[in-house]
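Summary of structural features
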Amino acid sequence: MRLVRNALWGAVLAALLSVGAVVLFQRVQTGDGLPLAARIGGPFDLVTHDGTRLRSESLKGTPFAVFFGFTYCPDVCPTTMLELSNILKRLGPDADRMRYFFVSVDTERDTPEHLKLYLSNFDARIMGLTGTAEEIAAVARSYRAIYQKVPTSEGFTYNHTATMYLMDRNGRLASTISYQESEETQLQKLKRLINGN
C-alpha cells in the first residue's frame, strides 16, 4: 500500500512540475506575467563604436537585441556575431526593422575605435557599445548578465553570459537566443520579434 501511495504522489508531483514548466515556458516566450522577465533590461546611456552617445530611450518603438561580450573573446563572441550576421542576411530588408548591440564588458581594451574595427568583420547593422566600468556594470546588472575578469598567462580574459537578449518595442524581454542555437530557431525568434508576435 505504501508503494502505491508513493507512486501516486510521485505521479502527482511529476504532473505539477510538467504543468509548471509549460506555464513558465509560455510566460518566458511572451514576457507576460513573469516577474523575472519584467525585471530584465532597463535604461542605459553608452558610447557607440562611432563615438556618439546612445540612450535607450531613443529605441522606444523599435525592437532590439543585446549581447554582452568582448573583442578579444576567442570563440563565443565571434561565433555569435557571425551567426547573427548570417541571419540578418537571411532576413533581408526586415532586418532593418530592429537594432543589434554588442556591449563590451572589457572597458580597458575595447575603445570605440577598437570596437568599430572588430565589428567591421560582421554585419554593418551590429553596433558596438562601451562606457565606463561602472556604466557597463550597471547595464549588465539590469540584464542579469554576468561577466568576470580572469587572469591568464598573457594578461586576462573574461568569462561572460553567452545569451542574446531580445527586447520588444517597449524595452521588455521578449525572448533570448542561447549560444549556438540552430540558425533556423534564431531566425524564427527574430522574425517574431520584428513582427511584434
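Residues numbered from 1 in each chain as written. Predicted model: local features only at pLDDT ≥ 70, side-chain atom pairs only at ≥ 80, totals over all residues. Heavy atoms only, no water.

1. Brief notes about the side chain of Lys-189
Note that Lys-189 resides in helix α6 (residues 183-194). Lys-189 gets classed as buried once you look at its relative accessible area, which sits at 13%. Within the local environment of Lys-189, its side chain forms a polar contact with the side chain of Glu-181, the two groups lying 3.0 Å apart. In this structure Lys-189 touches Leu-166, Ser-175, Thr-176, Ile-177 and Glu-181, once residues within four positions along its chain are discounted. (Helix = DSSP H or I, 4+ residues; strand = E, 2+ residues; numbered from the N terminus. Buried < 20%, exposed > 50% of the residue type's maximum accessible area, 1.4 Å probe, protein only. Polar contact = N/O pair within 3.5 Å; in protein donor to acceptor, adjacent residues only side chain to side chain. Contact = heavy atoms within 4.5 Å.)

2. What to know about the pattern of salt bridges
In this structure the tally under the stated criterion is 13 salt bridges. Its salt-bridge partner being Arg-125, residue Asp-96 comes within 2.9 Å of it at the nearest N-O pair. Of this pair, Asp-96 sits in the loop between α3 (76-91) and β4 (99-104) while Arg-125 sits in the loop between α4 (112-119) and β5 (126-130), and the two are 29 residues apart along the sequence. Residue Asp-96 is classed as exposed on the basis of its relative accessible area, which comes to 54%. We classify Arg-125 as partly exposed; its relative accessible area is 29%. A salt bridge links Arg-125 to Asp-123; the nearest nitrogen and oxygen atoms lie 2.9 Å apart. (Salt bridge = Lys/Arg side-chain N within 4 Å of Asp/Glu carboxyl O.)

3. Examining the pairing of strand β7 (residues 155-160)
Two elements, strand β6 (residues 147-152) and β7, share six bridges in a ladder whose sense is antiparallel. Each residue of the ladder has a partner; that of Val-150, found in β7, is Thr-157. The turn joining β6 and β7, which pair antiparallel and follow one another in sequence, is formed by two residues. (Pairing = 2+ DSSP bridges.)

4. Here's the deal with the nonpolar core
Counting 51 residues, the largest nonpolar core has Phe-68, Tyr-100 and Tyr-143 as its most contacted members. When residues of this core are assigned to their parent elements, the largest contribution, seven residues, is made by α3. Once residues lying within four places of it in the same chain are set aside, the contact partners of Phe-68 are Val-103, Val-105, Val-139, Ala-140, Tyr-143, Ala-145, His-160, Thr-161 and Tyr-165. (Core = buried A, V, L, I, M, F, W, Y, C linked by side-chain atoms within 4.5 Å.)

5. Focus on empty space enclosed by the protein
Within the structure shown, the criterion is met by one cavity of 30 Å³ or more. Put simply, the largest cavity is a space of about 50 Å³. Surrounding the largest cavity, Phe-67, Thr-80, Glu-83, Ala-162, Thr-163, Met-164, Ile-177, Ser-178, Tyr-179, Gln-180 and Gln-186 form its lining. Here the residues of the lining of the largest cavity sort into five nonpolar, five polar and one charged. (1 Å grid on protein atoms, 1.4 Å probe; cavity = no way out; pocket = protein on both sides within 12 Å on 5 of 7 lines; lining within 4 Å. Points joined across faces, edges and corners; volume = space filled by probe spheres on them. Nonpolar A, V, L, I, M, F, W, Y, C, P; charged D, E, K, R; others polar.)

6. Overview of the sheet that holds strand β9 (residues 173-177)
In a beta sheet, neighbouring strands are held together by backbone hydrogen bonds and run either parallel or antiparallel to one another. The mixed open sheet is built from seven strands, whose spatial order is β2-β1-β5-β4-β3-β8-β9. The strands lining the two open edges of the sheet, one partner per strand, are β2 (53-55) and β9. When strand polarity is set aside, the average angle formed by the axes of neighbouring strands in this sheet is 35 degrees. Two elements, strand β1 (residues 45-48) and β2, share three bridges in a ladder whose sense is antiparallel. Paired with Asp-45 across the strands is Arg-55, a residue of β2. In the packing of helix α5 (residues 133-142) onto the sheet, contacts are made with β1, β2, β3 (64-69), β4 and β5, and the angle to β1 comes to roughly 115 degrees. (Axes fitted to C-alpha atoms, helices over the stretch in contact; angles between N-to-C directions.)

7. Details of unusual backbone geometry
Unusually for a residue other than glycine, Arg-144 sits at a positive phi of about 60 degrees. Residue classification places Arg-144 among the partly exposed residues on the basis of a relative accessible area of 39%. The residue Gln-180 is not glycine, and still its phi comes out positive at about 60 degrees. Structurally, the position occupied by Gln-180 is in the loop between β9 and α6.

8. Regarding α4
All of the buried residues in α4 are Pro-112, Leu-115, Tyr-118 and Leu-119. Considered in projection along α4, the buried side chains sweep an arc of 125 degrees and stay on one side of the axis. Turned more than 90 degrees off the buried face of α4, the exposed positions are Glu-113 and Leu-117. Check the buried side of α4 and you find it contacts β1, α3, β4 and β5. (Arc of directions from axis to C-beta.)

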